Amino acid sequence: MTTTDETTIRSSRSALCVLAAATATHGTGRDADIALPKLPGFVESAFSPLAYEVSARCLTRAPGDGARTAVALASLAGDTTTADLASRRMVSGRVHNPLLFMQATANSVLGHMSREFGITGQMFSISTLDDALGELLSMADLLLDDEEIDRVLVLGVELGGGERVAAVHRELAADSTLTFADLPESAGLAAALLLGRTGDAPGAPVPVGPTGTAGQPGSIQSLFELATAHAEPRTETETHPHAHQ
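As the structure is a prediction and not an experimental result, all values here were calculated from the model. (Residues numbered from 1 in each chain as written. Predicted model: local features only at pLDDT ≥ 70, side-chain atom pairs only at ≥ 80, totals over all residues. Heavy atoms only, no water.)

Novice: Before we go on, may I ask you to explain the overall build of the protein chain in this structure?
Specialist: The number of helices and strands found in the protein chain is 8 helices and 6 strands. Put simply, the protein chain runs from its N terminus to its C terminus through helices and strands in the order α-β-α-β-α-α-α-β-α-β-α-β-β-α. For the protein chain, the proportion of its 245 residues judged to be buried stands at 44%. Counting contacts in the protein chain only where the partners sit at least 6 residues apart, residues at least 24 apart contribute 83% of the total. With an accessible surface of roughly 12,400 Å², the protein chain has 55% of that area assigned to carbon and sulfur atoms. (Helix = DSSP H or I, 4+ residues; strand = E, 2+ residues; numbered from the N terminus. Buried < 20%, exposed > 50% of the residue type's maximum accessible area, 1.4 Å probe, protein only. Contact = heavy atoms within 4.5 Å. Areas by Shrake-Rupley, 256 points an atom, 1.4 Å probe, with all protein chains shown as cover.)

See below:
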């Protein structure tokens, strides 16, 4: 239940606004698919390279103080490609590669981003069976109440996944009306929005509230569509340097 005080606080907040937006897809069969960006220290999976790609586009198009920037990443199942690879290696008796364990966590790419862009604000990774975009916007709204935060980068990543992920989706959908995104196993898509407060910075307003894609729990499709609507065209020569290669 929302209290009167909570309602008053929310109504006094200015709306969120989009400072920058970006999307990227790989291996989906869409016209906009890109070659998988190379990311030092990350192998095999599209998860971290795509997460970094959309984040870098936003942060370079709207530079700001990393100490006053927070980040929230949403993904239903995380880096399933790397997790499955590590599992297959272990089951087959091959020597365990600790790098695969570390980069399978969503926090690993957030750490890389913080180093590259000097971000020292709060960083979060979330997984939800609900409305991913709605939860990201609500988190950004809350984080921007902190006097030390001016901007929040929200992003989402979705992978095709392998048979194990497909089996989980089938089990979750067996007794419900839920459906899940149908992507090729090696495919991935990502989207990011750099958000501020209306009045504090120029940008298109974005309402905070439920926005999820009906019947697709945890899907980032709504985030992808919103980012697509606000994203600037990507140039063929656009690259993002890595200071710590």
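Novice: Would you explain the packing of aromatic side chains in this entry?
Specialist: Where two aromatic rings form a pair, the distance of their centres and the angle of their planes describe that pair. Within the structure shown, the criterion is met by 1 aromatic pair. Over the face of the ring belonging to Phe224 we find Arg30, whose NZ or CZ atom lies 5.3 Å from the ring centre. (Phe/Tyr/Trp six-rings, centres within 6.5 Å; stacked < 30°, edge-to-face > 60°. Lys NZ or Arg CZ within 6 Å of the ring centre and 35° of its normal.)

Novice: I'm lost on the pattern of salt bridges in this one. Help?
Specialist: Between side chains of opposite charge, pairing is possible as soon as their charged atoms come close. Going through the model one piece at a time under the given rule, you end up with 4 salt bridges. In this structure, Arg68 and Asp150 form a salt bridge, with 2.5 Å as the shortest nitrogen-oxygen distance. Placement of the pair is Arg68 in the loop between helix H2 (47-61) and strand E2 (69-74) and Asp150 in the loop between helix H6 (132-143) and strand E4 (151-159), with a sequence separation of 82 residues. With relative accessibility at 41%, the residue Asp150 sits in the partly exposed group. Of the charged contacts in the structure, one is a salt bridge between Asp145 and Arg197, with a shortest N-O distance of 3.0 Å. (Salt bridge = Lys/Arg side-chain N within 4 Å of Asp/Glu carboxyl O.)

Novice: When you look at the pairing of E2 in this model, what are you seeing that I'm missing?
Specialist: Each regular strand shows side chains that alternate between the opposite faces of the sheet. Extensive coverage of E2 is indicated by the burial of 6 of its 6 residues. The alternating pattern of E2 places Thr69, Val71 and Leu73 and Ala70, Ala72 and Ala74 on opposite faces, both of which are buried. Relative to E4, E2 runs parallel, the two being bridged by 6 bridges. Paired with Leu73 across the bridge in E4 is Leu155. Of the pairings in the sheet, the one linking E2 to strand E3 (residues 123-126) comprises 4 bridges and is parallel in character. (Pairing = 2+ DSSP bridges.)

Novice: Which parts of the structure should I look at to understand the nonpolar core?
Specialist: Nonpolar side chains tend toward joint burial in soluble globular proteins. The biggest cluster of nonpolar side chains holds 30 residues, and the ones touching the most others in it are Cys58, Val71, Leu73, Leu153, Leu155 and Leu194. At the level of secondary structure, the elements contributing two or more residues to this core comprise strand E1 (16-26), H2, E2, helix H5 (106-117), E4 and strand E5 (188-197). Ranked by the residues each element gives to this core, the list is headed by H2, at 8 residues. Ignoring any residue separated from it by four or fewer positions in sequence, one finds Leu153 in contact with Ser55, Cys58, Leu59, Ala70, Val71, Ala72, Met113, Ala192, Leu193 and Leu194. Core analysis: the second largest hydrophobic core is formed by 27 residues, Leu16, Leu133, Leu183 and Phe224 among them. (Core = buried A, V, L, I, M, F, W, Y, C linked by side-chain atoms within 4.5 Å.)

Novice: How should H6 be read in this particular structure?
Specialist: Because an α-helix completes one turn every 3.6 residues, residues spaced three or four positions apart along the sequence face the same direction. Between its first and last C-alpha atoms H6 spans 16 Å; for 12 residues at 1.5 Å apiece the expected length is 16 Å, and the two agree. At the N-terminal end of H6, a side-chain oxygen is found 3.4 Å from the backbone nitrogen of Leu133, two or three residues along, and the residue is Asp131. (Expected span 1.5 Å × (residues − 1). Polar contact = N/O pair within 3.5 Å; in protein donor to acceptor, adjacent residues only side chain to side chain.)

Novice: What is the right way to look at the sheet that holds strand E6 (residues 204-206) in this model?
Specialist: Sheets are built from strands paired through backbone hydrogen bonds, the pairs being either parallel or antiparallel. Here we have 6 strands laid out as an open sheet, ordered E3-E2-E4-E5-E1-E6, and mixed in their pairing. For this open sheet the edge positions go to E3 and E6, each flanked by a neighbour on one side alone. Sheet twist, expressed as the average angle between the axes of neighbouring strands with direction ignored, equals 30°. Contacts from H2 reach E1, E2, E4 and E5 within the one sheet, and its direction differs from that of E1 by about 145°. (Axes fitted to C-alpha atoms, helices over the stretch in contact; angles between N-to-C directions.)

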